[in-house]
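Report on the structure
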Amino acid sequence: MNILIAEDDKNFGYLLKSELEGDGYAVDLVGDGVEAVMKYIDGKYDFVVLDIKMPNLDGINALRIIKKLNPDVPAITYSGNAGSGEIAEAVKAGAIRCLAKPFEINQLKDEIKKYFSRHNNAGH
């Protein structure tokens, strides 16, 4: 499974990438929403993880563009200071979940595993 992560905090991005790779996922990491859209266009991703607050293009608008390219791609967004309006916007844009930072990395990993397990079982 290929996962695209967009996170402008390099340290946190590397931590997410490392943790998900440890679970066997192939992970690409980019630093903002514009890079996320460009990388998504270039690659084949089974899942997208986006920080909401990023330079150049925020995670919600990046998600809207990615969902226009592929309405079926699952995505999780997160933010350190997302209000309920922002969380609602993320879900409306197509996120299956919006996490509030700080969150446990295992919470993100569990959400991804749950999605893939539901998705894989539904197809068989």
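So, here is what we can say about the structure in this document. (Residues numbered from 1 in each chain as written. Predicted model: local features only at pLDDT ≥ 70, side-chain atom pairs only at ≥ 80, totals over all residues. Heavy atoms only, no water.)

1. Details of helix H1 (residues 10–22)
An α-helix turns once every 3.6 residues. As a result, residues three or four positions apart point the same way. Inclusion rule: Only DSSP runs of H or I covering at least 4 residues are called helices, and only runs of E covering at least 2 are called strands; the numbering of each starts at the N terminus. A helix's residues, less one, multiplied by 1.5 Å, set its expected span. Each residue is assigned to one of three classes by its accessible area relative to the maximum for its type, calculated with a 1.4 Å probe on protein chains only: buried under 20%, partly exposed between the two thresholds, exposed over 50%. The directions considered for the arc are those from the helix axis to the C-beta atoms. We define a polar contact as two N or O atoms separated by no more than 3.5 Å, with the added condition that, inside protein, one atom must be a possible hydrogen donor and the other a possible acceptor, whereas residues neighbouring each other in sequence contribute only through side-chain atom pairs.
Between its terminal C-alpha atoms H1 stretches 18 Å, which fits the 18 Å expected from 13 residues at 1.5 Å a residue. Within H1, burial applies to Phe 12, Gly 13, Leu 16 and Leu 20. End-on, the buried residues of H1 take up no more than an arc of 100°, which puts them together on one face. Across from the buried face of H1, at angles greater than 90 degrees, the exposed residues are Lys 10, Asn 11 and Gly 22. Between a side-chain oxygen at the N-terminus of H1 and the backbone nitrogen of Asn 11 the separation is 3.0 Å; the capping residue is Asp 9.

2. Topic: the side chain of Asp 32
Selection criterion: Positive charges come from Lys and Arg, negative ones from Asp and Glu, while His and the chain ends are left out of the count. Think of a salt bridge as a Lys or Arg side-chain nitrogen and an Asp or Glu carboxyl oxygen that are within 4 Å of each other.
When you line up the elements, Asp 32 lands in the loop between strand E2 (26–30) and helix H2 (33–42). Nearest to the buried, unbridged Asp 32 among oppositely charged side chains is Lys 10, at 9.1 Å. A distance of 2.9 Å separates a polar side-chain atom of Asp 32 from the backbone nitrogen of Val 34. From its side chain, Asp 32 meets the backbone nitrogen of Glu 35 in a polar contact 2.8 Å long.

3. Observations regarding the packing of aromatic side chains
Put simply, the rule is: To pair, rings of Phe, Tyr and Trp, with the six-membered ring standing in for Trp, must have centres within 6.5 Å; the planes then decide the type, stacked if under 30 degrees apart, edge-to-face if over 60, and tilted in the middle.
If you walk through the whole model with that rule in mind, you get eight aromatic pairs. Seen in terms of ring centroids, Phe 12 and Phe 103 are 5.8 Å apart; in terms of plane orientation they differ by 75°. Their pairing is edge-to-face. Placement of the pair is Phe 12 in helix H1 and Phe 103 in the loop between strand E5 (97–100) and helix H5 (105–122), with a sequence separation of 91 residues. Of the two residues, Phe 12 and Phe 103, neither departs from the other in class, the shared state being buried. Judged by centre distance (5.8 Å) and plane angle (70°), the rings of Tyr 115 and Phe 116 are edge-to-face. One exposure class covers both Tyr 115 and Phe 116, and it is buried. One aromatic cluster in this structure is built from Tyr 25, Phe 47, Tyr 115 and Phe 116.

4. A look at the nonpolar core
Put simply, the rule reads: By nonpolar core we mean a set of buried residues, namely Ala, Val, Leu, Ile, Met, Phe, Trp, Tyr and Cys, connected to one another through side-chain atoms within 4.5 Å. Residues are treated as being in contact if the distance between any of their heavy atoms lies within 4.5 Å.
Counting 22 residues, the largest nonpolar core has Tyr 40, Val 48 and Leu 50 as the members making the most contacts within it. For this core, the elements supplying multiple residues, two or more each, are strand E1 (2–6), H2, strand E3 (47–51), helix H3 (59–69) and helix H4 (84–93). Broken down by element, the residue count for this core peaks at four residues, all from H3. Tyr 40 has contacts with Leu 4, Tyr 45, Val 48, Ile 66, Leu 69, Asn 70 and Val 73, leaving out every residue within four places of it along the chain.

5. Focus on the pattern of salt bridges
This model, assessed by the stated rule, comprises nine salt bridges. When the shortest N-O distance is used, the salt bridge between Asp 23 and Lys 109 registers 3.5 Å. Taken together, the positions of Asp 23 in the loop between H1 and E2 and Lys 109 in helix H5 put the pair 86 residues apart, joining distant regions of the chain. Judged by its relative accessible area of 8%, Lys 109 falls in the buried class. Lys 114 serves as the salt-bridge partner of Glu 111, at 3.4 Å between the closest nitrogen and oxygen. Here the residue Glu 111 and the residue Lys 114 both occupy positions in helix H5, the gap between them amounting to three residues, near one helical turn. The class for Glu 111 is buried, based on a relative accessible area of 13%. Residue class for Lys 114 comes out partly exposed when judged on its relative accessible area of 43%. Sharing partners across several salt bridges, the network here consists of Glu 19, Asp 23, Lys 109 and Lys 113.

It is worth stressing that arrangement in space is one thing and function is another; only the former is reported here.
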